[in-house]
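What follows is the residue order along each chain.
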Amino acid sequence: MRLSKLQKYILERCYNYKSSGPEDFYDFYGEKIKSKKLVQDVIHKSLDSLVSKDLLAAMGKKTARKWFIHRVKLTNLGKKLAIKMIKNRQRKLPIK
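Throughout what follows, the structure given in this document is the object of discussion. Numbers given for residues are sequential positions, taken from 1 along each chain in its written order. Local features in this predicted model are restricted to residues whose pLDDT is 70 or higher, and side-chain atom pairs enter the listing and the counts only when it is 80 or higher, whereas totals over whole chains, interfaces and linings include all residues. Computation of side-chain values covers all heavy atoms of the structure but excludes hydrogens and water.

1. Considering the overall build of the protein
This is how it is decided: Helix and strand labels come from DSSP, where a helix needs a run of H or I of at least four residues and a strand needs a run of E of at least two; each type is numbered from the N terminus. Contacts are assigned to residue pairs that have any heavy atoms within 4.5 Å of one another. Values of accessible area rely on a 1.4 Å probe in the Shrake-Rupley scheme; residue burial ignores everything except the protein chains shown.
From N to C terminus, the protein includes 3 helices and 3 strands. Order of helices (α) and strands (β) in the protein, N terminus to C terminus: α-β-α-β-β-α. The principal-axis extent of the C-alpha atoms belonging to the protein is close to 60 × 35 × 25 Å. The long-range share in the protein, meaning contacts at least 24 apart out of those at least 6 apart in sequence, stands at 47%. Of the roughly 7500 Å² that the protein leaves accessible, carbon and sulfur atoms contribute 54%.

Structure below.
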C-alpha cells in the first residue's frame, strides 16, 4: 500500500498520541504554510483517504455536502502499519 509522507506522518502521530484532531497535523508543513485553507483541504483529503483504507476511524459531523472530522483514531490495521513503518525507519548499526 502506497502512502504519502503526510499520511505516514498522520499514522505515526496518531500512534504516539492515541487520538488527534485535524488541527494537530498542521505542524507537518511548519513555516511553509501559504494558505491555511489549502492546508486544511489537503489534510482533510488525506484523512478521508486513510479512513477509506480502514487505517483510521473518524469521529465528526456529516452534513448533506461535507464530512467534518473532529477526531481520528487508529484502527488495528493502522496500528500494525504504524509499528511497521517505525521499525523500518530505525536501522541497525553496521558491525565491522
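2. As for the pattern of salt bridges
Applicable threshold: In what follows, salt bridge is the name for a side-chain nitrogen of Lys or Arg lying within 4 Å of a carboxyl oxygen of Asp or Glu. For every residue, the accessible area obtained with a 1.4 Å probe (protein chains only) is divided by the maximum for its type, and the residue is called buried under 20%, exposed over 50%, and partly exposed between those limits.
If you walk through the whole model with that rule in mind, you get 3 salt bridges. Between Arg89 and Glu12 there is a salt bridge; the shortest N-O distance is 2.6 Å. Here Arg89, found in helix H3 (residues 76-89), pairs with Glu12, found in helix H1 (residues 5-17); they are 77 residues apart in sequence, far enough to count as distant. Accessibility expressed as a relative area gives 17% for Glu12, which makes it buried. The shortest N-O distance in the salt bridge between Asp41 and Lys37 comes to 3.3 Å. With Asp41 and Lys37 both in helix H2 (residues 36-52) and 4 residues apart, the pair spans about one turn of that helix. What makes Lys37 partly exposed here is its relative accessible area of 48%.

3. Focus on the pairing of strand S2 (residues 56-62)
What counts here: In this analysis, strands are considered paired if DSSP registers two or more bridges between them.
Across 7 bridges, the pairing between S2 and strand S3 (residues 67-74) is antiparallel. Looking across to S3, one finds that Met59 is bridged to Arg71. Connecting S2 to the antiparallel partner S3 that follows it, the hairpin turn spans 4 residues.

4. Section: the pairing of S3
As paired strands, strand S1 (residues 19-20) and S3 are joined by 2 bridges and run antiparallel to one another. Residue pairing in the sheet places Ser19 in a bridge with Lys73 of S3.

5. Concerning H2
Because each turn of an α-helix spans 3.6 residues, side chains separated by three or four positions end up pointing in the same direction. So the rule is basically this: Take the number of residues in a helix, subtract one, and multiply by 1.5 Å to get its expected span. What the arc describes is the spread of directions from the helix axis to the C-beta atoms.
The terminal C-alpha atoms of H2, which comprises 17 residues, lie 24 Å apart, in line with the 24 Å expected from a rise of 1.5 Å per residue. Residues of H2 that are buried include every one of Val39, Ile43, His44, Ser46, Leu47 and Leu50, and no others. When H2 is viewed along its axis, its buried side chains cluster within an angular range of 165° and face the same direction. The exposed set on the far side of H2, more than 90 degrees from its buried face, consists of Leu38, Lys45 and Ser52. Check the buried side of H2 and you find it contacts H1, S2 and S3. A positive phi of about 60° marks Asp54, the residue just after H2.

6. Considerations on the packing of aromatic side chains
Test applied: Under the pairing criterion, centres of Phe, Tyr and Trp rings, with the six-membered ring standing for Trp, must be within 6.5 Å; the plane angle then separates stacked pairs below 30 degrees from edge-to-face pairs above 60, leaving the rest tilted.
Tallied over the full model, the rule gives 2 aromatic pairs. When the centroid spacing of 5.2 Å and the interplanar angle of 45° are considered together, the rings of Tyr9 and Phe28 count as tilted. With a gap of 19 residues between them, Tyr9 in helix H1 and Phe28 in the loop between S1 and H2 connect regions that are remote in the sequence. Both rings, one in Phe28 and one in Tyr29, keep their centres 5.1 Å apart while their planes meet at 85°; by these two values the pair is edge-to-face.

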